[in-house]
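So the chains spell out like this:
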Amino acid sequence: MNHLNKGKAKYILVLALVPLLFIITLYCSAGVFHTSYFHSFLTVDTLPLTRSDSQKLSTNKTIDDAAIKKSTDTTIINKTDTLTYRPSKDALDAPVTYHADDSMVMDIPGKKIILYGKGTNVKYIDNELYAPRIEFDQRTSLVSAYLVRDSNGNVISFPVFNQADFKTQSDSIKFNMKTLKGITKSTYTQQGEIFFHAEKIKKVDPEVFYGYKGQFTTCNLDTPHFSFVSKKFKFINKKMAITGPVHPEFEAVPIPVYLPFGIFPLKTGRRSGILAPSFSANEELGLALENLGYYKVLNDKWDVVLRGTIYSYGGWTANLSPRYYKRYRYQGNLSVDVLHLRNLDKSGARSFNVRWSHSADTKSRPGVTFSASVNAGSSGFNSSVPNSPQRNFQNQLNSSITYSKVWKNKPYNININANHNQNTNTKAWNINLPDIGFNVNTLYPFRRKEVIGEYKWFENLGIALNTNVRSQSSFYDTLGGFFKQFAKNYKWGANHNVPITLALPPVGNFQISPSVSYVERWYQEKFTRRWNSVDRKLDTTISNGFYTAREMSFGLGVATRIFGMFTFKKNSKVQAIRHELRPNISANYKPDMNRKNYYSSQIDTFGNKGRFSYYERSVVGYFGEGRFGGISFGLDNNLQMKVRNKKDTAADAVKKITLIDGLSVNSAYNFLLDSFKLSPFNINMRTNLFEKISISAGAVLMPYQTNNNGEFINKYIWKNKVAVGKLTSANIAIQSQFKGGDKNEQLPINNQQQVPRLNPVTGLPLNEYEQEASYIMNNPGEFANFNIPWSISFQYAFNYNRVPNGLGTGYKGLVTQSINWTGSLNLTPKWQMGINGSYNITEKDLGMISMYLTREMHCWQMAINISPVGRYRSFNISISPKSGLLRDLKINRTRYFYDL
């Protein structure tokens, strides 16, 4: 009863204060108490000041004129009071912001506040709590939150707690706002890819909490398909989770495989650590522990990967791959691979391969670029790479290092290159070091500095310079002494080209383009053949020195464009067909300036002679002999069709369809030749039918008759029959792709082409950054797109060449045909099968066939990959989680088979 009377007294006091507050408000609004001075009259002291001192007061404070007159000798100055207060023992360090969607109940005697509503929340420093019911006890600084169910027992909302990067959802939460410690029940939280659930969690500081009866998983379902279960654990935010004895569960069924403890890394970004291996079998090398390695972070710019494979017959492989990266400057990586393989009879060999890749950000040094792509090594390296059929058939190694510089506001630039080409079958090396190109852009010497109106015709006369200095060394690595062979076979040469052009204004519908070209070449040696009549053999002589040759040509070209349109009836589906012709013709003359650089020599005992150039072995090429005075002509065609657009109902809605992108015919006629004045006809065609089928074709027609041995004679073929020419070569390429479902969905990378599982350059394990992408490419079944119900793509290639029959009695036609295909089909919404393969129609040889069958299992995936035919056969069965964090946790069975 006394408690009730005290409560009534408090309410009576509040009612008595309301009129007083109302009166004060009226006085303030009437200007009696200015807001700037109301607090001063009550809380500050006053001291007398002279008028001169009062003028130093701030001018932004206004005082009533009457008040100033009454206090001419003194005025008012603000002085902060020295009142002190002692905060309550239960006061918090920061304000608490709260919101209740439904209602708020205050228990004043109990010092409690209860908030209700689905969107209710409380915020304190960086702690946020959302729950349908929240209680705050001021005496204990304890905040409690609970879930609420509706009349049917369904949960309306769960309590959610956020503290910095730590977020949880629980059935109940208790949190101390002073100590920042708390305990939750039936809690879910996520760190990176890991989802975690525990019966109880105790948070001891912002970074660490402990749990009881918890489970880890990467499955995002409320009832996960799999998890790792432990009774006790410790969670360090964004670092790691440590557990006691742990075991896996699948579909809530425990698996009797226990580990004494578990460590789950939660860090993001780069960190050093061991790279897990995998197991495979090879008939020649034995069982293998593949890709065991270590990843080391050296500093912010460098890291390195070391990997190795050990075989049961005694062989091994090693790979060292450092990588460097500086943001906005450059990046690159180096890979060094060593193979030491031994088969069952203990025979084997050691080989190596070096790969370096470097690229620079063009914005770091405007006008300067530097890049490198190096791939070199032992000639026997590719054929020795195990478990990689694609690598064993690749016999070319190439390298390129490039530096270029463009001077700002200058008309010239320079390029310096170093190139390497290596054939691992013939063991031949070709090295270009260096290859320098210096270019001067077209200059117009007759142009005015200040142009008023258009240029005069002679002001468009331009001259440029293109200089290329090349060097090359060719040798075989079987001779030994790599650097000795390089220096012994080193050659150099230079080519200077000075084009002179004149851009004339159009004459009606014709564009006229005259041109003059001067080319000069520098040579290092002369190569001469002489018939030795005594020994009855051909002797060769090399004369080193500095030699030059030059050539000039003159030309005048005319080009135009012709358009034609054929229209149909207004109601016709086809509205019009548009034809564009682009004819061109040019007259050219080249004097014979290189007759002196040619000679004749007997080449065999039958007295046959040949005509040769002294500079035929030059690295920059040699000029042809003889004059040319004639015309070159060509015709290009483009054909389009306008049809009504079915997707657009507007009256004038039409869609353009390209029937032929290009159909060109080119040839030339030399008036100065004694025979074969008309050059072969080169015909090329390209189109993309219905934006689905891409077709390209080409052919070469010789416009002359042949004799009994198939040799061409100086008689036109159309004199005996209706024909343009005799076909000497032709090619056709057709490719297309079709798929069902959403057109915006993309096919997996592997459906585009066959990609080797190992490094495409070295054949050994990729570095940490490339390995996952390579694994996806080589295992399409594990990364299938189930949103595409079916897909099929194919490529067809046809080639024809007229070649000697090998008997010396004529020629024959050599035809090659091949087809490649890929396809996929969803058997059910969760099962997909696919196939990739090729077939050589000419040889009737079935290439490597790869088939896969995959099963979508939400957070897991199963894939079966089979290559059943061909010299290299294999199969692979893999079951693994989709999460990259657990990618090494998989069941894998791989076997390879070879036909020797």
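Residues numbered from 1 in each chain as written. Predicted model: local features only at pLDDT ≥ 70, side-chain atom pairs only at ≥ 80, totals over all residues. Heavy atoms only, no water.

### A short note on the overall build of the protein chain
The helix and strand tally for the protein chain stands at eight helices and 54 strands. Within the span of the protein chain, comprising 900 residues, buried residues form 33% of the whole. Long-range pairs, those at least 24 residues apart, make up 50% of the contacts in the protein chain with a sequence separation of at least 6. When the accessible surface of the protein chain is split by element, carbon and sulfur atoms take 58% of a total near 54,400 Å². (Helix = DSSP H or I, 4+ residues; strand = E, 2+ residues; numbered from the N terminus. Buried < 20%, exposed > 50% of the residue type's maximum accessible area, 1.4 Å probe, protein only. Contact = heavy atoms within 4.5 Å. Areas by Shrake-Rupley, 256 points an atom, 1.4 Å probe, with all protein chains shown as cover.)

### Description of the pattern of salt bridges
Applying the stated rule across the entire model yields 16 salt bridges. A salt bridge links Glu 520 to Arg 550; its shortest N-O distance comes to 3.6 Å. Here the residue Glu 520 occupies a position in strand β34 (residues 511–532), and Arg 550 occupies one in strand β35 (residues 537–559), the gap between them amounting to 30 residues. Using a relative accessible area of 15% as the deciding quantity, one classes Glu 520 as buried. For Arg 550, a relative accessible area of 28% puts it in the partly exposed group. Notably, a salt bridge pairs Arg 611 with Glu 625, separated by 2.7 Å at the nearest N-O pair. Taken together, the positions of Arg 611 in strand β39 (residues 609–613) and Glu 625 in the loop between β39 and β40 (628–644) put the pair 14 residues apart, joining distant regions of the chain. For Arg 611, a relative accessible area of 39% gives the class partly exposed. Three or more residues joined by partner-sharing salt bridges are found here, namely Arg 561, Glu 580, Arg 582 and Asp 636. (Salt bridge = Lys/Arg side-chain N within 4 Å of Asp/Glu carboxyl O.)

### Quick notes on the pairing of strand β11 (residues 166–169)
Judged by which residues are buried, β11 turns out to be one-sided: Phe 166 and Thr 168 face inward and are buried, whereas Lys 167 and Gln 169, on the alternate face, are not. Pairing of strand β10 (residues 160–163) with β11 involves four bridges; the strand directions are antiparallel. Residue Val 160 lies in a different strand from β11, and its bridge partner there is Gln 169. Between the end of β10 and the start of β11, which pair antiparallel, lie two residues, with Ala 164 showing a positive phi angle near 55°. Judged from the two bridges that link them, β11 and strand β13 (residues 182–191) form a sheet pairing that is antiparallel. Across the sheet, residue Thr 168 finds its bridge partner in β13, namely Thr 189. (Pairing = 2+ DSSP bridges.)

### Details of the environment of Ser 144
Here Ser 144 shows up in strand β7 (residues 142–146). A relative accessible area of 6% means that Ser 144 is categorised as buried. In terms of polar contacts, Ser 144 uses its side chain to reach the side chain of Lys 174, at 3.4 Å. (Polar contact = N/O pair within 3.5 Å; in protein donor to acceptor, adjacent residues only side chain to side chain.)

### A look at the packing of aromatic side chains
By the definition in use, this model includes 34 aromatic pairs. Note on Phe 161 and Phe 175: the rings are 5.0 Å apart at their centroids and 45° apart in plane angle, and the pair reads as tilted. You can see Phe 161 sitting in strand β10 and its partner Phe 175 sitting in strand β12 (residues 172–176), a full 14 residues away along the chain. The pair Phe 161 / Phe 175 is uniform in exposure class, with both members buried. A centroid spacing of 6.4 Å and a plane angle of 85° characterise the contact between Phe 226 and Phe 228, whose relative ring orientation is edge-to-face. With relative accessibility at 1%, the residue Phe 226 sits in the buried group. Relative accessible area serves as the criterion here: at 17%, Phe 228 is assigned to the buried category. Members of the aromatic cluster, connected to one another through ring pairs, are Phe 196, Phe 209, Phe 216, Phe 233 and Phe 235. Seen from the ring of Tyr 455, Arg 447 lies directly overhead, with NZ or CZ sitting 4.1 Å from the centre. (Phe/Tyr/Trp six-rings, centres within 6.5 Å; stacked < 30°, edge-to-face > 60°. Lys NZ or Arg CZ within 6 Å of the ring centre and 35° of its normal.)

### Here's the deal with the pairing of strand β33 (residues 490–502)
As defined by bridge partners, strand β32 (residues 461–476) adjoins β33 across 11 bridges and the pair is classed as antiparallel. Looking across to β33, one finds that Gln 472 is bridged to Lys 491. With nine bridges connecting them, β33 and β34 associate as antiparallel partners. Across the sheet, Gly 493 pairs through a bridge with Tyr 523, a residue of β34.

### Concerning a positive patch on the surface
Judged by side-chain charge, Lys 112, Lys 174, Lys 185 and Lys 200 come together as a positively charged surface patch. Of note, Lys 185 is situated in strand β13. For Lys 185, a relative accessible area of 45% corresponds to the partly exposed category. (Patch = residues over 30% accessible without salt bridge, like charges linked within 9 Å, V, L, I, M, F, W, Y side chains within 5 Å. Lys, Arg positive; Asp, Glu negative; His and termini not counted. Charge placed at Lys NZ, Arg CZ, Asp CG, Glu CD.)

### Considerations on the nonpolar core
Core analysis: the biggest nonpolar cluster contains 19 residues, and Phe 196, Phe 209, Phe 216, Phe 226, Phe 233 and Phe 235 have the highest contact counts within it. Apart from residues lying up to four places away in sequence, Phe 235 is in contact with Gln 191, Phe 196, Glu 207, Val 208, Phe 209, Phe 216, Met 240, Ala 241 and Leu 266. Counting 13 residues, the second-largest nonpolar core is a separate cluster that includes Val 122, Tyr 124, Phe 136 and Met 177. (Core = buried A, V, L, I, M, F, W, Y, C linked by side-chain atoms within 4.5 Å.)

### Some points on the confidence of the model for the protein chain
On average, residues of the protein chain score 80 in pLDDT, and 81% of them are at 70 or above. The secondary-structure element of the protein chain with the lowest mean pLDDT is helix α2 (residues 38–43), recorded at 36, while strand β43 (residues 693–702) shows the highest, at 93. Here residues 749–782 scores under 50 on pLDDT; set against residues more than four positions off or in separate chains, the count is 105 contacts. (pLDDT = per-residue confidence, 0-100.)

### Some thoughts on the side chain of Ser 170
Relative to the assigned elements, Ser 170 resides in the loop between β11 and β12. Look at Ser 170 and you get buried, because its relative accessible area is 1%. Excluding residues that lie within four positions of it along the chain, Ser 170 makes contacts with Phe 158, Pro 159, Thr 184, Lys 185, Ser 186 and Thr 187.

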